[in-house]
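Geometric and topological summary
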Amino acid sequence: MRSRLRWLGEQVGWLLGITASLLLMLVLLPLIPLFEMYDDIRRAYEDK
């Protein structure tokens, strides 16, 4: 019984980890254009 609970706990842990990383990607992906815009602005000021 304990080994079954341990296995179930591991599976739930993996599922939570994968779900959390996917949610983090969904939150951070919209910020990429902001970083690219910042890069373009920084390059424009460096060229001056």
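Everything here concerns the structure above.
Residues numbered from 1 in each chain as written. Predicted model: local features only at pLDDT ≥ 70, side-chain atom pairs only at ≥ 80, totals over all residues. Heavy atoms only, no water.

Observations concerning the overall build of the protein
When you go through the protein residue by residue, the secondary structure sums to two helices and zero strands. Taken over the C-alpha atoms alone, the protein extends approximately 70 × 15 × 5 Å along its principal axes. The 48 residues of the protein split such that 0% are buried. Put simply, the protein shows about 4900 Å² of open surface, and 71% of that area lies on carbon and sulfur atoms. (Helix = DSSP H or I, 4+ residues; strand = E, 2+ residues; numbered from the N terminus. Buried < 20%, exposed > 50% of the residue type's maximum accessible area, 1.4 Å probe, protein only. Areas by Shrake-Rupley, 256 points an atom, 1.4 Å probe, with all protein chains shown as cover.)

Remarks on the environment of aspartate 39
Looking at the secondary structure, you find aspartate 39 in helix α2 (residues 32-47). Exposure remark for aspartate 39: the relative accessible area of 24% places this residue in the partly exposed category.

Observations concerning the pattern of salt bridges
Scanning the model with the defined rule gives four salt bridges in all. For the salt bridge of arginine 43 with aspartate 39, the shortest nitrogen-to-oxygen distance reads 3.4 Å. With arginine 43 and aspartate 39 both in helix α2, this residue pair falls four residues apart, about one helical turn. Its salt-bridge partner being arginine 43, residue aspartate 40 comes within 3.7 Å of it at the nearest N-O pair. (Salt bridge = Lys/Arg side-chain N within 4 Å of Asp/Glu carboxyl O.)

Interpretation in functional terms is not warranted from these geometric data alone.
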